[in-house]
Each structure stands twice: as C-alpha cells, then as structure tokens.
Amino acid sequence: MTDDSRPARPVLLGQNQYGKAENRVVKITRDGATHHIKDLNVSVALSGDMDEVHHSGSNANVLPTDTTKNTVYAFAKEHGIESAEQFGIHLARHFVTSQDPIRTARIRIEEYSWERIETSEADSTSIRADEVKHSFVRKGQETRVTQITYDGASWEVVSGLKDLVVMNTTNSEFWGYVKDKYTTLPEAYDRILATQVSARWRFNWSDDEQKMPHWEKSYEQTRKHMLQAFAETYSLSLQQTLYQMGSRIIDNRSEIDEVRFSLPNKHHFLVDLEPFGLKNDNEVYFAADRPYGLIEATVLRDGCEAKIPVDLTNL
C-alpha cells in the first residue's frame, strides 16, 4: 500500500528507442578534377534490451548517441555513399550485429540533390571553363528520403520524396460533386491542377539472399514514372491522378509493392477582372496557400499488404 492507502498500480515500460538524430554529412568524391557530392541528413534510432537504463539508470547496454554520430561519419569514409539506401543498410547492419543488446536499428535519411553548374564558353581570367567540374547548385525543391529498418533477420526499406511541386495548366476538371446548402464552389471544366508531392514506396527486398535493387536507378525511374503519369493523365479529380501515379509505379517497377501519397491540392482561383473592364480567359489566377484540400491514398500490388504508415509525417 502507498502512503495514501491506495493500492499500488503496476507500471510497465513500453516501446522505446534512442539514437542521434539529424547527422549532417557531406561526402565529396574526387575523381581527378571531377568531383561528386552526396549530401545527407542521417537519423539513427536503436532499440533492444534497454529496460535497465530506464529502470535504474544503468548505461551498461547503452552505446552513446555520440558514438552513433561518429559511426555515420566514419562509414562515409570507409564505405563511401553509393546511395542513401545502401549507406543506411551498412549502418543498420553494423549496429545490430556489433552490439548484442541492440535488436533493431532504424535509419532515416534525407538526401539533398546537387547538380553541376554549366560553365560558359567564354575565356576566364582565372579558371578555364572546361576545367570547372567542382561547382554545384542545389537541385530543385524536392528532398529524397529513405528509411531502413533491420532486426538482424529481415529488412524493410521505404524510400520516397517530399516537397516536389508539380503543375498542369490544363487537362484538369472538377464537376459532378455532391452539393448542399453550404456549397459555393463552381464546377470547373478547365482548371489548374497543382500539388506538392509527398510519396513513399516500399521495396519487396527484405532478405540478404534476394538480389538487392539498384537504388539510384530505382529512384530515378520511379520519379520519372510518377511525373509522367501526372503529366499524361487527363484529370477529373486529384484522386484519379494520384491513383494513376501509383499505378504507373507499380506497373513499371517490379521491386516496389506499395506506394503511399499525400497530395495537398494547391488551389488556383481565377481572379475576377470584370471590375476593371477586363476579361479573364483562364489567364490570371490567385494562388491560395491555405486552406487546401488534402488527398491521401495507398496504391498496392495485388496480393500485397499495406505497411506504410497512413501518416507520412511520422516517416
């Protein structure tokens, strides 16, 4: 009994993990005068036999988070960074196989793309244009992401991207929807369709005995099919476009079993120019940033189970 005579209630430790988040590592590969960049943000989360550190404060099973940070930088040198996925696989395997108390390692990586700056044909007073192979500009707004989870026996790799802004200026309609006394939206038979794509796709590679996907090619081709589907779909709804984007990926990339999208509808409304004596023939729009429609769905290969979380903010 406690001092206030109420019966003691058992308290149990639930799921727990620890690690070092957002380790920023930039790896420069020098191929003679030509340089290559891999720019990653790596987060490590480890779980396993960690009850005692919570119960008594004993750190006997704890690998310091500072050590996990150092491992990220050391592995960038020792293994290089062929791809975000491959780098995460090296890290996850190391933590699980080198530390007995650690049962599962989850590695999350964001990758920031760079492209080489095209130089001019003109002569330079300092460096010849054809010798400049080391200057880059950040590429686009999108961020490539991946999450690798390893439990010592099986792998789960979920990759994707976020903040990829796309727009169709025509070939999009929206009409025939439910109307009630609060409906004011006019039907649209030619509208702008724009969204900021957040997408995750799950690979069916899960075992070291399987042939590993070519991670860089897979990302490039998955992104290509997704964008082509967006551009080539005559859209009657953003939901329809989403399904076509996911279907195109599943149909063309055999290494992927599941795709999850979160697509905010970046509304563009025609501006009323009649007060100024002007006709607005689908030319001038007001881009509204909020509120926005949010369309989310998972597209699966037939016979496969959905495993990507519904809320992509947690992945």
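In this text, all values refer to a predicted model and were calculated from it rather than measured experimentally.

Description of the overall build of the protein
In step 1: Scanning the protein for helices and strands turns up five helices and 12 strands.
In step 2: For 315 residues, the compact-globule estimate of 2.2 N^0.38 gives 20 Å, and the C-alpha radius of gyration of the protein, at 25 Å, exceeds that figure by more than 25%.
In step 3: Expressed along its principal axes, the backbone C-alpha trace of the protein runs to roughly 80 × 75 × 40 Å.
In step 4: Contacts in the protein between residues far apart in sequence, at least 24 positions, make up 66% of those at least 6 positions apart.
In step 5: Accessible surface, the protein: about 18,700 Å² in total, of which carbon and sulfur atoms supply 49%.
In step 6: Side-chain charges in the protein split into 37 positive and 48 negative, and the spacing between the mean points of these groups amounts to 2 Å.

Digging into the packing of aromatic side chains
In step 1: Taken as a whole and assessed by the stated rule, the structure comprises seven aromatic pairs.
In step 2: Between W175 and Y189, the ring centres sit 5.7 Å apart and the planes meet at 20°, which makes this aromatic pair stacked. In this pair, W175 is assigned in the loop between β7 (155-168) and β8 (193-203) and Y189 in the loop between β7 and β8, connecting sequence segments 14 residues apart.
In step 3: We classify W175 as partly exposed; its relative accessible area is 43%.
In step 4: Connected via pairs of aromatic rings, a cluster forms that spans Y150, W155, F203, W205 and W215.
In step 5: Taking NZ or CZ as reference, R93 lies 6.0 Å from the ring centre of Y150, over its face.
In step 6: Sitting above the plane of the Y219 ring, R144 keeps its charged end 4.3 Å from the centroid.

A few points about the confidence of the model for the protein
In step 1: Per-residue pLDDT for the protein averages 92, and the proportion of residues at 70 or more is 91%.
In step 2: The weakest mean pLDDT in the protein belongs to strand β5 (residues 136-138) at 62; the strongest belongs to helix α3 (residues 84-98) at 98.

Comments concerning helix α5 (residues 238-252)
In step 1: Between the first and last C-alpha of α5 there are 21 Å, a value that for 15 residues agrees with the 21 Å anticipated at 1.5 Å per step.
In step 2: By the burial criterion, the buried members of α5 are L238, T241, L242, M245, G246, S247, I249 and I250.
In step 3: Each element contacted by the buried residues of α5 is listed here: β8, α4 (215-232), β9 (256-265) and β12 (293-300).

A few points about the nonpolar core
In step 1: If you look at the biggest cluster of nonpolar residues, it comprises 52 residues, and the most contacted ones within it are V42, F87, I107, V197, M226 and F261.
In step 2: Setting aside its immediate chain neighbours within four residues, F87 contacts L40, V42, V72, F75, A76, G80, I81 and I109.

A word on the sheet that holds β7
In step 1: Here eight strands make up an open sheet; going across it, the order is β1-β2-β3-β6-β7-β8-β9-β12 and the pairing antiparallel. Only two strands of the sheet have a single partner each, and these edge strands are β1 (23-31) and β12. Neighbouring strand axes in the sheet, compared pairwise and without regard to direction, differ in orientation by 20° on average.
In step 2: Pairing analysis gives seven bridges linking strand β3 (residues 102-112) to strand β6 (residues 143-150), with the strands arranged antiparallel. Considered in β6, the bridge of E110 is made with V145.

As for the side chain of S237
In step 1: The residue S237 is located in the loop between α4 and α5 in this model.
In step 2: Accessibility expressed as a relative area gives 17% for S237, which makes it buried.
In step 3: Non-local contacts of S237, meaning those with residues more than four positions away in its chain, are made with E173 and R191.

Re the environment of S98
In step 1: Summarising the element assignment, S98 is placed in helix α3.
In step 2: Expressed as a C-alpha distance, the spacing of S98 and L315, which sit 217 residues apart in the sequence, is 26 Å.
In step 3: Within polar-contact distance, the side chain of S98 engages the backbone oxygen of H94 at 2.6 Å.

Things to note about the side chain of N168
In step 1: Inspection of the secondary structure puts N168 in strand β7.
In step 2: Using a relative accessible area of 13% as the deciding quantity, one classes N168 as buried.
In step 3: Engagement of the side chain of N168 in a polar contact is seen with the backbone oxygen of F230, the distance being 2.9 Å.
In step 4: With sequence-adjacent residues up to four places away left out, N168 is seen in contact with R191, I192, L193, F230 and A231.

A closer look at the pairing of β3
In step 1: As paired elements, strand β2 (residues 34-48) and β3 share 10 bridges and run antiparallel to each other. From the neighbouring strand, G48 faces β3, where its bridge partner is I102.

Thoughts on the layout of surface pockets
In step 1: Its volume calculated, the largest pocket comes out at about 760 Å³.
In step 2: Around the largest pocket, the lining comprises 35 residues; the ones closest to its centre are K162, S198, R200, L312 and T313.
In step 3: Mapped onto the lining of the largest pocket, the elements with two or more residues apiece are β2, β3, β6, β7, β8, β9 and β12.
In step 4: A class-by-class count of the residues in the lining of the largest pocket yields 13 nonpolar, 11 polar and 11 charged.

What counts as what
- Residues numbered from 1 in each chain as written.
- Predicted model: local features only at pLDDT ≥ 70, side-chain atom pairs only at ≥ 80, totals over all residues.
- Heavy atoms only, no water.
- Helix = DSSP H or I, 4+ residues; strand = E, 2+ residues; numbered from the N terminus.
- Rg over C-alpha atoms; globule rule 2.2 N^0.38 Å.
- Contact = heavy atoms within 4.5 Å.
- Areas by Shrake-Rupley, 256 points an atom, 1.4 Å probe, with all protein chains shown as cover.
- Lys, Arg positive; Asp, Glu negative; His and termini not counted.
- Charge placed at Lys NZ, Arg CZ, Asp CG, Glu CD.
- Phe/Tyr/Trp six-rings, centres within 6.5 Å; stacked < 30°, edge-to-face > 60°.
- Buried < 20%, exposed > 50% of the residue type's maximum accessible area, 1.4 Å probe, protein only.
- Lys NZ or Arg CZ within 6 Å of the ring centre and 35° of its normal.
- pLDDT = per-residue confidence, 0-100.
- Expected span 1.5 Å × (residues − 1).
- Core = buried A, V, L, I, M, F, W, Y, C linked by side-chain atoms within 4.5 Å.
- Pairing = 2+ DSSP bridges.
- Axes fitted to C-alpha atoms, helices over the stretch in contact; angles between N-to-C directions.
- Polar contact = N/O pair within 3.5 Å; in protein donor to acceptor, adjacent residues only side chain to side chain.
- 1 Å grid on protein atoms, 1.4 Å probe; cavity = no way out; pocket = protein on both sides within 12 Å on 5 of 7 lines; lining within 4 Å.
- Points joined across faces, edges and corners; volume = space filled by probe spheres on them.
- Nonpolar A, V, L, I, M, F, W, Y, C, P; charged D, E, K, R; others polar.

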